[in-house]
Amino acid sequence: MNHRYMRFPSGKCKAVTLSYDDGVEQDIHLMELLEQYQMKCTFNLNSGCYPPEGTVYPAGTIHRRMPESEVSRLYRSPFVEVAGHSFTHPFLEQITPSQVMKEIVDDRIKLEEQFGRLIRGFAYPYGTYNDTVVELLRAAGIVYARTVKSHHGFTLPKDWLRLETTCHHDDPMLTELAMRFVTETPERDSWLFYLWGHSYEFEANDNWNVIEDFFKTVSGKDDIWYATNLEVYEYCMAYERLIFSADGETVYNPSVISVWCQFDDKTVEIGAGKILRL
């Protein structure tokens, strides 16, 4: 065995994930598109910013947060992961460490109570942070945190608490990147296309066609895995936990999910809790 590469579930070599912020009314239409094209998305919520039930926004308001009841209803879809975005959406690097921890933990507690699931992901409000904020997220049990940095590539994350993206949906390179992603095949490491944004921007810019065109380009492909941010993280961590024998010819998967690997020109599934002789 000379080469070893992680492959996504069923041996796929590419994955797509999305991340959208703030819990706004325009997410309702985005959800309809996710279901239509069978895509998955992580929604990052500020649970301390829900408006009162029955709120009516003035005409022309673009950033329209949804009340708690609508949030609870919308994001229970199987196409969705709920993640944190802080309790009240401050600039985290500009407040005290104790305030930062309160923002993270209060949001996590509220969302876990609201949805009955563990909240382990995060997106930085305004995309700003510093090393102290990163370490406080780690201490609060957050395993990945999305920035607003675009690398215009498909490389897998190396620093999950400073998670960079492929691009924002308004990036002028989006169409070119999407076409390259679906038409080319990775030679070695698997590829991840990570798209992010706010759905209210589609209304503000009158360009819902951008996200629908993206979905038309990347959806329904046999070699692409469609996953939430947390699903990608958990899969990559399961791969990292594989244990190999000294000669590299036997592998043990201690995780609770199967992992696929390409060894030279052969792709194999290593079942959860299984030992495989290669």
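Residues numbered from 1 in each chain as written. Predicted model: local features only at pLDDT ≥ 70, side-chain atom pairs only at ≥ 80, totals over all residues. Heavy atoms only, no water.

For this particular structure, what's the right way to read the packing of helix α5 (residues 174-183) against helix α7 (residues 208-218)?
Each pair of packed helices can be summarised by the angle the axes make with each other and by the distance between the axes. One way to put it is that α5 packs onto α7 with a least axis distance of 9 Å and a crossing angle of 15°. Here α7 runs roughly parallel to α5, going by the angle between their axes. Regarding α5 and α7, the two cross each other, and that crossing is right-handed. Note on element contacts: α7 touches α5 through Val210, Phe214, Thr217 and Val218, opposite Leu174, Ala178, Met179 and Val182. Considered class by class, the residues forming the contact of α5 with α7 number 7 nonpolar, 1 polar and no charged. (Axes fitted to C-alpha atoms, helices over the stretch in contact; angles between N-to-C directions. Helix = DSSP H or I, 4+ residues; strand = E, 2+ residues; numbered from the N terminus. Parallel < 35°, antiparallel > 145°, perpendicular 65-115°, else oblique. Left-handed = near helix turned anticlockwise from the far one by under 90°. Contact = heavy atoms within 4.5 Å. Nonpolar A, V, L, I, M, F, W, Y, C, P; charged D, E, K, R; others polar.)

Help me out: how do you make sense of the environment of Leu161 in this one?
On the secondary structure map, Leu161 appears in the loop between β6 (144-150) and β7 (163-165). It is 8.2 Å that separates the C-alpha atoms of Leu161 and Ile142, two residues lying 19 residues apart in sequence. Setting aside residues up to four positions removed in sequence, Leu161 forms contacts with Tyr124, Val134, Arg138, Ile142, Val143, Tyr144 and Ala145.

Explanation requested: the sheet that holds strand β1 (residues 4-7) in the structure shown.
Sheets are built from strands paired through backbone hydrogen bonds, the pairs being either parallel or antiparallel. Pairing is antiparallel in the open sheet, where 3 strands are placed in the order β1-β13-β14. Two strands lie at the open edges of the sheet, namely β1 and β14 (266-270), each paired on one side alone. Averaged over all neighbouring strand pairs, the angle between strand axes comes to 30°, with direction disregarded. With respect to the sheet, helix α8 (residues 229-240) is in contact with β1 and β13 (259-263), its orientation differing from that of β1 by roughly 150°. (Pairing = 2+ DSSP bridges.)

That is the geometry; function is a separate question.
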